[in-house]
Amino acid sequence: MAEERRPKQCTVVLPTESMKAMAESIGVGQLQEESCAALSEEVSYRIKEIAQDALKFMHHGKRRKLMTSDIDHALKIKNVEPLYGFQSQEFIPFRFASGGGRELHFYEEKEVDLSDIINTPLPRVPLDVSLKAPKEQQKAESTEPLKAVKPGQEEEGSIQKGQGATSAEAKGKKEGLIRMKPRSTHELSVEQQLYYKEITEACVGSCEAKRAEALQSIATDPGLYQMLPRFSTFISEGVRVNVVQNNLALLIYLMRMVKALMDNPTLYLEKYLHELIPAVVTCIVSKQLCLRPDVDNHWALRDFAARLMAQSCKTFSTTTNNIQSRITKTFTKSWLDEKTQWTTRYGCIAGLSELGPDVIKTLIIPRLTIEGARIKAVIEGPVVSNIDKIGADHVQSLLLKHCASVIAKTRPLPDNMEQYRVDYGYLGPMLCSHVVKARAQAALQAQQVNRTTLTITQPRSTLTVSQSGIGGSVGSRTPSIIKVPSSLTLMSTRPGTPTQPSPPATKYIVMATSAGASSTQQVITLSSSSASSVTSTVASAASTLQPLVKLESGGGGSLGGSRPLQKYIVVSLPSSASSSLESKSGMLPPSSSSLEAGMKMERSDSPGASTQSPH
Amino acid sequence: FHRLFILLVHAHFISKMAAVQDGQVDLEVEKKEIKTETSNDGSGNNNANSSSPGSTSLGATSKSPTGPAEDQQTLLAVLQFLKRNKLNESVDILRREAGLSVEIDDSPGSASGGAGSGGASNSTVDGGDTNSLLSRVSIAIPAAPAVTAAPVPPKGLDQPDVNVVLSAYSQQGDPDLYPLYYNGLKKFIESVLDCHRAELSQVFYPLFVHMYLELVYNNHEVEAKQFFEKFSGDQECYYAEDLRILSGMTKKEHMKGNETMLDFRTSKFVLRISRDSYQLLKRHLQERQNNQIWNIIQEHLYIDIFDGMPRSKSQIDAMSGSLAGEAKRDANKTKVFYGLLKEPEIEVPLDDEDEEAENEEGKPKKKKPKKDSMGSKSKKQDPNAPQQTRIPLPELKDSDKLDKIMNMKEAAKKIRLGSDNLPSICFYTFLNAYQGLTAVDITDDSSLIAGGFADSTVRVWSVTPKKLRRVKSAADLSNIDKESDDVLERIMDEKTASESKILYGHSGPVYGISFSPDRNYLLSSSEDGTVRLWSLQTFTCLVGYKGHNYPVWDTQFSPYGYYFVSGGHDRVARLWATDHYQPLRMFAGHLADVTCTRFHPNSNYVATGSADRTIRLWDVLNGNCVRILTGHKGPIHSLAFSPNGKFMASGATDGRVLLWDIGHGLMIGELKGHTDTIYALRFSRDGEILASGSMDNTVKLWDTLKAFDDVELDDFTAATGHIHLPENSQELLLGSYTTKSTPVIHLHFTRRNLLLAAGAYNP
């Protein structure tokens, strides 16, 4: 019968002291106690009445908060003059004072100097009311005659407020059984925001170790898709700004971010190519990428970016978006332009040649003669500028590098110097010698074909390497070869056959640069690309690669003897970044991690043999 | 000056009388009687348009043709009323102006005279229940008296006279005995058989209130407080709101001005009790010689006795909660023509046939039933539908026909909704509204959205690529080639094209907003007491309808246009026609603010929800109240009719949605789930799904098909109101969708059954 007890009914009345205080404030001195009591009851009742009416206005105003205007309206329907000057949206602070045995709460009315108000700058005009509907909904319901606000505004709104995503409830699609996926929010959680901040700071910061870690995280973390739009914008904006400022280092860092993003198997970059490709292409063909074009090695950046471009063409080019053909056209067009600078020219050629032997064959080789003449004009002609000369030099070596391998494959023997000159003009003789080298290299490789090659396709840091090591140890131990772009093609010292039942002694050679960056990445990167590039880099890099540390855990006395000897050699490369194209452009994890990788392999393969590895 | 008062009084007077006679009084708007003065810029004078003859006209209609004697009698009646309403100042002024002596109106018979005049006016009005517009209906008039013959409570009993009502309390007993009496009854009721206990418990609340008020009236303040504290905890929790008001009332003086209190007095609290239970109670009270309680029951309660099984506690709880108890069974006996009107035949243009042929392969099953139903409808009239010409409806214009064709085309592409096929919801969020969005409406074709704001503005948005354009100025219009084919296009001023337009004119928050079906007009109702009609061609205000002197909470256009209804703080809902500046009908009877107003799909009825926690259905033809629906436990803030006109849904501050069968006047469902006021309710285009939007930031979808199917309505339940609500409304809940921080204040199903919702982001 009786329901749960309600809170006590409000039979509260204002204290009589209040009445007295108010009476005094309007000049009524001595108020009888009885009158005070009567007054306070009456006033309390009226206040309650007004509050009840004010509640009506609140309800009809579709609010949960009672506002001063509601009180005003309630007074108005009672034919009472509303209270003026209480229009504040916020709560009105009452001040408390006591003295003379009396406690007072009062509303402080400050005296304001009118000129102060006039002179203060006007506050910002509040935003006007706007109507917003989620965009996706309208796409889903394309037949609906609803197109609310301009897309731009919506995008903005949804990011600023997170409202677009939250206020709209996507439901099972109208057309029947297909249920739409719940829409993902565009809002990043606090953790994600922190992560994003850390990652981007590390990527462009000065600490190489941090950067390597950050890039590693970008390349492997499976939960980045929500941040992908931010990363993409970060990169494209970053390139835009830094190209103008010729900040080579930052451009390289940004390209490495692109690389890491592309390496992440959980990310789908298709939707963001429109931001990423222009950024990458900029790094390939921009006229100037660094402050001192004669000294700085911006060529490496171009090479690296060109490789990125080639990779994205391979991955994302479809018949509908035609990325590859559009990119090819872009490169060709600016290459063919007479006025194109050597830097851009280099970029175009690099970009094209990375796209594969077919592109080289059809687009570059036919133009070798023309290009050769141009190079000749610069190198042998009257001294123009040093920059042009360097540019021509680089273009020349680039052409030689890429064309030689293609020609080696396509052109029938013999390699006649004169014939080459006829066919390819100025570059002919040099090309001829390169082709000869390439053929020799190919022959060498052909010999090694029977060996199983451990090709680490993912340029994925130490972990991958160690994994492959483990993989090898699980099955029959296979002799592996890790190719390095330099002449020091590292291979197992004792090649064996894959079918060998007991694991033979295997020697892993891991290289690291002493500058805190390991070439492991680079090794892997290049080994995953065509074999020809391996040989062709010899000229530029081979001389500079000098093993600094050689660590051989040979012997392994602690081994029981049941397992054959395994050797690990960690080779460090000198830190001269500019001396090696690849060391600059590769993804460079810290040497420590590569050493660690070595250790890991040791541990997994032959426990006990690792003690010497300095770390 | 006195005229002003008279006019105010005039409005009140009529509303009061109307209230008394259950809304039988129609306001006479005959043009001949309204000798319009040049309207003085009515500053606060909301009836400025009608002049003093207006009040005399009342006398004229009430009594007989004009004559000095009648005039005086009219004045006396007015004075009587003024006095009753404590408008002493105006009494004095009127007296002075009229040169009446004090003695005349102090004559003892004046009270009855006033009552008599009310009665007289009532009968006159009944006979000639016409006004300029409705009189055009020749067939409808004979029907009117038949309908009005509905049971009307004896007039003598219901005549409210403030003094009389209050003085009813003067016969006092010993104040100390009140708790004893109450306790005695409580003990008795607790001791009776279970089956009777629930029914008899209903007596507690009205008894408690009246005993308390008696104590207060007789200046037993301390006893009253004690009494209140002792027993207020026993009352049902849904009366908490009223109890709070009561608790504040501790003095006789307070009672005079308090409207809630007056309502309690003037209307009898209605209880439905089975005969057995009633006999039990009666015997007990007579045995105990408990006259105090017996008097109260006799004077202030209306016990509606029915034969049959006593109702259970849950059944009673479902129906109770209103300010004045349940509806009398008689009140819901009138036949309601809830069927839909026949759709006018429109020849579909030739090219459309082609399209239909195309559609034939695509969705033959959708098109077919639609056609069949249309065909059958045109052949035989729905027995429940009102006559086509029951109330005059505006003729269809060419543009309306075009729209109808569009509607039919769209309807053909409509998605069939159901429990396994829920609608998509598209949410329109108002940003930067700063808590100021108070009303939203969307056109039927979903092309425009209008918002009413607390800063008195009305804003209209176009949500299609078509921008809003203004008609050119008169000077420019005269330059237009009127013969050209695209003249309609040419009259628009391209320079004014924009996505939204702001309409300025109100001087207070805009609480209600409604588009006309043809999208040419927009109505808005505001705190300033006016309803404004805006043109969406010129984006200017066309008319300000003054009549409600207090905030107008809601307004809505009839589904056929032309008419509209408004309701407000003055407890009266008014029916207007756009071309009349005075209301055609006044629906009086609610005991508290009319909070929402909705037209029945056939335009013959108007439903009003009120803060007295009842819903009333009014007949537009004769202004009668044909249904009183009780059951909500808080002010009702949203109403919706099902598209077939058979059912109604209502939502209130208590967070519950109730479903009603209009034909039987019964509650047939209760949908629990929301935790805050429900501001928006809408049935899908085919009525299978009910969407409800609430202050708790959710949209919920309910399976109404199932809800309506589950109801078994036999004659017995219809007769006694023994309803069996399904225990668990959660089975009916199809989905609940939360916004982050946006209360849902409007819902709309597009013609293809996409659900649109709107609300202001509330940071």
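Residues numbered from 1 in each chain as written. Chains lettered and ligands numbered in written order. Predicted model: local features only at pLDDT ≥ 70, side-chain atom pairs only at ≥ 80, totals over all residues. Heavy atoms only, no water.

Caption draft 1: Examining the overall build of chain A more closely. Along its length, chain A carries 26 helices and seven strands. Of the contacts made within chain A by residues no fewer than 6 positions apart, 64% connect residues no fewer than 24 positions apart. Surface accessibility of chain A: about 31700 Å² in total, with carbon and sulfur atoms responsible for 58%. (Helix = DSSP H or I, 4+ residues; strand = E, 2+ residues; numbered from the N terminus. Contact = heavy atoms within 4.5 Å. Areas by Shrake-Rupley, 256 points an atom, 1.4 Å probe, with all protein chains shown as cover.)

Caption draft 2: View of the overall build of chain B. What chain B contains, in helices and strands, is 26 helices and 31 strands. Here chain B holds 763 residues, and the buried ones make up 59% of them. Look at the contacts in chain B between residues 6 or more apart in sequence, and 63% of them connect residues 24 or more apart. A total of about 29600 Å² of accessible surface is found on chain B, and carbon and sulfur atoms cover 52% of it. (Buried < 20%, exposed > 50% of the residue type's maximum accessible area, 1.4 Å probe, protein only.)

Caption draft 3: Highlighting the nonpolar core. Of all hydrophobic cores here, the largest spans 86 residues; its most connected members are Ile218, Met255 and Met309 of chain A. With eleven residues, the single largest contributor to this core is helix α18 (residues 386-410) of chain A. Here this core spans two domains, and each of domain 2 (189-325) and domain 3 (356-443) of chain A adds at least three residues to it. Each residue touching Ile218 of chain A, except ones within four places of it in the same chain, is listed here: Tyr195, Ile199, Cys203, Leu224, Phe231, Met257, Ala260, Leu261 and Asn264 of chain A. In this structure, Ile189, Leu213, Phe231 and Ile293 of chain B belong to the second largest nonpolar core, which totals 44 residues. (Core = buried A, V, L, I, M, F, W, Y, C linked by side-chain atoms within 4.5 Å. Domains from an automatic or database assignment.)

Caption draft 4: Geometry of the pattern of salt bridges. Summed over the entire model, instances satisfying the criterion amount to 41 salt bridges over all chains. Its salt-bridge partner being Lys56 of chain A, residue Asp53 of chain A comes within 3.7 Å of it at the nearest N-O pair. One end of the pair is Asp53 of chain A and the other is Lys56 of chain A, both in helix α2 (residues 33-60) and three residues apart, which spans about a single turn. Taking the relative accessible area as the measure of exposure, Lys56 of chain A reaches 22% and is therefore partly exposed. Put simply, Asp70 of chain A and Arg63 of chain A hold a salt bridge, and the shortest N to O gap is 2.8 Å. You'll find Asp70 of chain A and Arg63 of chain A in the same group, each marked buried. Taken together, the salt bridges that share partners define one network made up of Asp403, Asp444, Asp445, Arg519, Arg685 and Arg751 of chain B. (Salt bridge = Lys/Arg side-chain N within 4 Å of Asp/Glu carboxyl O.)

Caption draft 5: Representation of the sheet that holds strand β12 (residues 530-535) of chain B. Residues and elements named next belong to chain B. Taken in spatial order, the four strands of this open sheet run β10-β11-β12-β13, and their pairing is antiparallel. Two strands bound the open sheet, and with one partner strand each, they are β10 (510-515) and β13 (540-546). Going from strand to strand, the sheet's axes swing by 20 degrees on average, the running direction of each strand aside. Strand direction decides the pairing type here: β12 and β13, joined by six bridges, are antiparallel. When the bridges of β13 are listed, Leu533 appears paired with Val543. (Pairing = 2+ DSSP bridges. Axes fitted to C-alpha atoms, helices over the stretch in contact; angles between N-to-C directions.)

Caption draft 6: Fine view of the packing of helix α17 (residues 368-379) of chain A against α18 of chain A. All names here are of chain A. At a minimum axis separation of 9 Å, α17 and α18 run at an interaxial angle of 150 degrees. With respect to α18, the element α17 is oriented roughly antiparallel. By crossing handedness, the relation of α17 to α18 is classed as left-handed. Two secondary-structure elements touch here, α17 through Leu368, Glu371, Ile375, Val378 and Ile379 and α18 through Asp388, Lys389, Ala392, Asp393, Val395, Gln396, Leu399, Cys403 and Ile407. For the contact of α17 with α18, the per-class residue count stands at nine nonpolar, one polar and four charged. (Parallel < 35°, antiparallel > 145°, perpendicular 65-115°, else oblique. Left-handed = near helix turned anticlockwise from the far one by under 90°. Nonpolar A, V, L, I, M, F, W, Y, C, P; charged D, E, K, R; others polar.)

Caption draft 7: Broad picture of the side chain of Gln235 of chain B. All names here are of chain B. For Gln235, the position within the fold is in the loop between α13 (221-231) and α14 (240-248). A polar contact of 2.9 Å, which involves the side chain of Gln235, links it to the side chain of Tyr182. A distance of 3.3 Å separates the side chain of Gln235 from the backbone oxygen of Phe231, its partner in a polar contact. (Polar contact = N/O pair within 3.5 Å; in protein donor to acceptor, adjacent residues only side chain to side chain.)

Caption draft 8: Molecular detail of the confidence of the model for chain A. Residues and elements named next belong to chain A. For chain A, per-residue confidence averages 67 on the pLDDT scale, and residues scoring 70 or more make up 61% of the total. For residues 1-9, every residue scores under 50 in pLDDT, and the model assigns this stretch 29 contacts once sequence neighbours within four places are set aside. pLDDT under 50 marks residues 452-615. Its contacts with residues more than four places away, or in other chains, come to 278 contacts. (pLDDT = per-residue confidence, 0-100.)

Caption draft 9: View of the UniProt feature "repeat: WD" (unreviewed entry) in chain B. The positions that UniProt labels "repeat: WD" (unreviewed entry) are, in the present scheme, residues 430-471, 503-538, 545-586, 587-628, 629-662 and 671-703 of chain B. Secondary structure across residues 503-538 of chain B divides into 0% helix and 53% strand, with the first and last C-alpha atoms of the span separated by 10 Å. (UniProt positions renumbered as here; feature names shortened; annotations may be inferred.)

Caption draft 10: Main features of the pairing of strand β2 (residues 102-107) of chain A. Residue and element names in this part refer to chain A. Looking at chain direction, strand β1 (residues 94-99) and β2 are connected through six bridges and run antiparallel. Opposite Ala97, over in β2, you have Leu104 as the bridge partner. The hairpin formed by β1 and β2 contains two residues between the paired strands, and Gly100 there has a positive phi angle of roughly 65 degrees.

Caption draft 11: Summary view of unusual backbone geometry. Residues and elements named next belong to chain B. Phi at Arg519 takes a positive value of approximately 65 degrees, unusual for a residue other than glycine. On the secondary structure map, Arg519 appears in the loop between β10 and β11 (521-526). Of note, Ser603 is a non-glycine position whose phi angle comes to about 70 degrees, a positive value. Inspection of the secondary structure assignment puts Ser603 in the loop between β18 (594-599) and β19 (605-610).

Caption draft 12: Seen up close, empty space enclosed by the protein. All names here are of chain B. Reported here for the largest cavity is a volume of approximately 210 Å³. The wall of the largest cavity is formed by 21 residues, among which Ser201, Gln202, Glu236, Tyr238 and Tyr239 lie closest to the centre. Residue assignment for the lining of the largest cavity shows that the elements contributing at least two residues are α11 (194-201), α12 (204-217), β1 (269-274) and α19 (313-319). The residue inventory of the lining of the largest cavity, partitioned by class, reads eleven nonpolar, five polar and five charged. (1 Å grid on protein atoms, 1.4 Å probe; cavity = no way out; pocket = protein on both sides within 12 Å on 5 of 7 lines; lining within 4 Å. Points joined across faces, edges and corners; volume = space filled by probe spheres on them.)

Caption draft 13: How the structure looks around α11 of chain B. Residues of α11 of chain B that are buried include every one of His196, Ala198, Glu199, Leu200 and Ser201 of chain B, and no others. The elements touched by buried residues of α11 of chain B are α10 (177-191), α12, β1, α17 (275-287), β2 (301-306) and α19 of chain B.

Caption draft 14: Examining the sheet that holds strand β27 (residues 689-694) of chain B more closely. Residue and element names in this part refer to chain B. Across the sheet, four strands lie side by side as β26-β27-β28-β29; this open sheet has antiparallel pairing. Lying at the two open borders of the sheet, with one neighbouring strand each, are β26 (678-683) and β29 (733-738). Averaged over all pairs of adjacent strands, the angle between strand axes in this sheet comes to 15 degrees, irrespective of strand direction. Bridge analysis of β26 against β27 gives five bridges, and the strand direction is antiparallel.

Caption draft 15: Examining the packing of aromatic side chains more closely. Counted by the stated rule, this structure contains 28 aromatic pairs over all chains. Seen in terms of ring centroids, Tyr205 of chain B and Tyr239 of chain B are 3.6 Å apart; in terms of plane orientation they differ by 5 degrees. Their pairing is stacked. With Tyr205 of chain B in helix α12 and Tyr239 of chain B in the loop between α13 and α14, this pair connects stretches of sequence that are 34 residues apart. Summarising the aromatic geometry, the rings of Phe430 of chain B and Trp461 of chain B are spaced 5.2 Å apart at their centres and angled 80 degrees between planes, so their arrangement reads as edge-to-face. Residue Phe430 of chain B is found in strand β3 (residues 425-431), and its partner Trp461 of chain B is found in strand β6 (residues 458-462); the two are separated by 31 residues along the sequence. Here the two residues Phe430 of chain B and Trp461 of chain B agree in accessibility, since each one is buried. Above the face of the Tyr253 of chain A ring, Arg211 of chain A is positioned so that its terminal group lies 3.3 Å from the ring centre. Stacked on the ring of Trp342 of chain A, the Lys or Arg Arg345 of chain A has its end atom at 5.6 Å from the ring centre. (Phe/Tyr/Trp six-rings, centres within 6.5 Å; stacked < 30°, edge-to-face > 60°. Lys NZ or Arg CZ within 6 Å of the ring centre and 35° of its normal.)

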